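Understanding the architecture of this molecule
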Amino acid sequence: MAELLLTHGYFLYEDPKELQILKPYAPLGILYLCSHLQKKGFDVEVFDTTFSSRETLFNHLRTETPSVIGIYANLMTRSNVVEILKEAREAGWKTIVGGPEPGAYALEYLQSGANYVVFGEGELTMQELLEAFRADDTAACTTISGLAYLDAAGNMQENPPRNQIADLDSQPWPARHAIDIARYVKTWRDAHGKGSINFITARGCPYKCRWCSHQVFGQTHRRRTPRLVVDEVEWLLQTYSPDMVWISDDVFTINHQWLRDYAREMQLRGLRIPFECISRADRLNPEMLDLLAELGCFRIWIGSESGSQRILDSMDRGVKIEQVQQAVAMSRERGIESGMFLMWGYEGEELEDIEATIKHVSISKPDVFFTTVSYPIKGTPYYQKISSRLVQLKPWGVSSDREIKIKGRHSQKFYSYADKLLRDEVQLARMAETPDAESDRASSLRREIALARAGLLSTQTEVEA
């Protein structure tokens, strides 16, 4: 039996929405943890739940000799992770949780069955914790940075945070050998005609958006050396033959000189692979977009959030509406699709801000856009600002930060009208440039727009109690 079993709580086949999307990617966080610990001489296995079931995992926990289990948890997997903790503890395992959410909810995870919560980057903290277990020195846990636990009296103790890894080049590549990467590529290819794979070139985001969590990497930006990243890309292409890749960085285009060096190295080796990535509008210019196009970028996801400059400023986004519109236009000129993330219901948003967002997206006409109603993530300035108005709809262990009501905010019905209005207005704006501008469909759309706008107006006084 391995000294450590790493797992996560994402079960693709148990989630109807995810089955519709069918775009799974390997859990790089625990694979980086695995490779680091294996390099340090620990016996580590990964139980990848993506293509498995909770019963298969639970059976594994019940039938294997118990040792230590480390579970990655995020916003959407909380209830699954709580269930895994319960099963693991009952089967005699020592339990550790880490990832984007546990640092903000350390006490709740400890009370739900975790022996330890790792907050921040996990590699060095887990290494020291496993060394303490090897030496049977539980007292050492009181001095390990980046760790929280319950003392003998049941009170939470939280050790000082750990410094982040300064030299990412010193870290081994994620342990892709520990899971079935080929199945990820095949799942993509079967569902979408193209197999995809993911990698990261950096850790962290230095920007200060008030709703965004920085639990794991903090507000830092640490980059790997371009040449060494290209080594990994070349290996990935040779080993798994994907048709495209997803660069999982928070913001791929932050460092322009890095991107120039990366593009030069890719070109020197004759490497080119279609990819998509996330950027900020203020980190895109003609030169960077030319480089991205040369490298094979087919879609850039741009965080727009709102079409109201007042709301963007209140979010501390540090981006102008015009920059987003220019970024989409410049991408289109180079044959790169644009994707846009939009957020309804941020603190202070009113009807004129919603109309500004609709106008903004209608002008920009991104190829794809997604909307969500904003939800406060614990540990963020946004959460702190509205915490007194939050109402938890379900018990913590079976819910998520998305299932919280904000007293005084517009109703769900109001936002559903906003969504409908946005989609119809953008569709009509796209038709305006085609022969269908005066078609029966366009006339029908105008009627639907009038109804949606009337619905929005009629529900604007409805608020959450």
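What this report covers is the structure whose coordinates are included nearby.

A count of helices and strands for the protein gives 16 helices and 17 strands. A compact globule built from 465 residues should have a C-alpha radius of gyration of about 23 Å, and the protein, at 24 Å, falls within 12% of that. Overall, the C-alpha framework of the protein stretches about 75 × 60 × 35 Å when taken along its three principal axes. Every one of the 465 residues in the protein was classed for burial, and the buried ones make up 53%. Intrachain contacts of the protein at a sequence separation of at least 6 include 74% that bridge at least 24 residues. For the protein, the accessible surface area stands at approximately 20,200 Å², while carbon and sulfur atoms represent 50% of it. Charged side chains in the protein number 54 positive and 64 negative. The centres of these two groups are separated by 3 Å.

Time to look at the nonpolar core. If you look at soluble globular proteins, the nonpolar side chains tend to sit buried side by side. Leu-129, Phe-252, Leu-259, Tyr-262, Phe-275 and Leu-292 are the most contacted members of the largest nonpolar core, which has 89 residues in total. Here the element with the most residues in this core is helix α15 (residues 412–431); it accounts for 8 residues. The residues touching Phe-252, leaving out its near neighbours within four places in the chain, are Thr-201, Arg-223, Ile-247, Trp-258, Leu-259, Tyr-262, Phe-275, Cys-277, Ile-278 and Leu-292. Within the second largest apolar cluster, 40 residues are counted, among which are Tyr-105, Met-315, Met-343 and Ile-406.

Once that is clear, we can look at the sheet that holds strand β2 (residues 44–47). Read across the sheet, 7 strands follow the order β2-β1-β3-β4-β5-β6-β7 without closing on themselves; strand pairing throughout is mixed. Two strands lie at the open edges of the sheet, namely β2 and β7 (156–158), each paired on one side alone. Averaged over all pairs of adjacent strands, the angle between strand axes in this sheet comes to 20 degrees, irrespective of strand direction. Relative to strand β5 (residues 116–118), strand β4 (residues 94–98) is paired through 2 bridges, and the arrangement is parallel. When the bridges of β5 are listed, Ile-96 appears paired with Tyr-116.

The strand order across the open sheet built from 6 strands is β8-β11-β12-β13-β14-β15, with neighbouring strands paired in parallel fashion. Each edge of the open sheet carries a strand with a single partner, namely β8 (196–199) and β15 (368–373). Pairwise comparison of adjacent strand axes, ignoring direction, gives a mean angle of 20 degrees for this sheet.

Glancing now at the pattern of salt bridges. In this structure the tally under the stated criterion is 39 salt bridges. As a salt-bridge pair, Arg-224 and Glu-232 come within 2.7 Å of each other at their nearest N and O atoms. The pair Arg-224 / Glu-232 is uniform in exposure class, with both members buried. Glu-403 is paired through a salt bridge with Lys-394; the nearest N and O atoms lie 3.0 Å apart. A relative accessible area of 26% means that Glu-403 is categorised as partly exposed. Using a relative accessible area of 40% as the deciding quantity, one classes Lys-394 as partly exposed. Each of the salt bridges in this network shares a partner with another, and the network as a whole consists of Glu-121, Glu-123, Arg-203 and Arg-222.

Of note, the phi angle at Asp-136 is positive, near 55 degrees, even though the residue is not glycine. When you line up the elements, Asp-136 lands in the loop between α6 (123–134) and β6 (147–150). According to the relative accessible area criterion, Asp-136 is exposed, its value standing at 66%.

So, about helix α16 (residues 440–459). For α16, built from 20 residues, the straight-helix expectation of 28 Å at 1.5 Å per residue is met to within 8% by its first-to-last C-alpha distance of 29 Å. Buried within α16 are the following residues: Ala-442, Ser-444, Leu-445, Ile-449, Ala-452, Gly-455, Leu-456 and Thr-459. Taken down its axis, α16 places every buried residue within 150 degrees of arc, on the same side. Facing away from the buried side of α16 by more than 90 degrees, the exposed set consists of Asp-440, Arg-447, Leu-451 and Ser-458.

Position of Ile-197 among the secondary structure elements: in strand β8. Dropping the residues within four chain positions of it, Ile-197 is found in contact with Tyr-25, Ile-181, Val-185, Leu-236, Tyr-240, Pro-242, Met-244, Val-245 and Trp-246.

Turning next to a nonpolar patch on the surface. A cluster of nonpolar side chains, contributed by Leu-107, Leu-150 and Met-156, occupies part of the molecular surface with about 190 Å² of accessible area. Examined against the element boundaries, Leu-150 turns out to sit in strand β6. Overall, the relative accessible area of 31% leaves Leu-150 in the partly exposed class.

This structure, assessed with the given rule, holds 17 aromatic pairs. Here Trp-301 and Phe-341 contribute two aromatic rings whose centre-to-centre distance is 5.2 Å and whose plane-to-plane angle is 15 degrees, an arrangement assigned as stacked. Taken together, the residues span a long stretch of sequence, with Trp-301 in strand β13 (residues 297–305) and Phe-341 in strand β14 (residues 337–344) at a distance of 40 residues. Take Phe-341: its relative accessible area is 31%, and that puts it in the partly exposed class. Pairwise contacts between aromatic rings join Phe-252, Trp-258, Tyr-262 and Phe-275 into one cluster. Across from the ring centre of Tyr-32, 5.2 Å away, lies the NZ or CZ of Arg-203, which sits over that ring.

What counts, and at which threshold
Residues numbered from 1 in each chain as written. Predicted model: local features only at pLDDT ≥ 70, side-chain atom pairs only at ≥ 80, totals over all residues. Heavy atoms only, no water. Helix = DSSP H or I, 4+ residues; strand = E, 2+ residues; numbered from the N terminus. Rg over C-alpha atoms; globule rule 2.2 N^0.38 Å. Buried < 20%, exposed > 50% of the residue type's maximum accessible area, 1.4 Å probe, protein only. Contact = heavy atoms within 4.5 Å. Areas by Shrake-Rupley, 256 points an atom, 1.4 Å probe, with all protein chains shown as cover. Lys, Arg positive; Asp, Glu negative; His and termini not counted. Charge placed at Lys NZ, Arg CZ, Asp CG, Glu CD. Core = buried A, V, L, I, M, F, W, Y, C linked by side-chain atoms within 4.5 Å. Pairing = 2+ DSSP bridges. Axes fitted to C-alpha atoms, helices over the stretch in contact; angles between N-to-C directions. Salt bridge = Lys/Arg side-chain N within 4 Å of Asp/Glu carboxyl O. Expected span 1.5 Å × (residues − 1). Arc of directions from axis to C-beta. Patch = residues over 30% accessible without salt bridge, like charges linked within 9 Å, V, L, I, M, F, W, Y side chains within 5 Å. Phe/Tyr/Trp six-rings, centres within 6.5 Å; stacked < 30°, edge-to-face > 60°. Lys NZ or Arg CZ within 6 Å of the ring centre and 35° of its normal.

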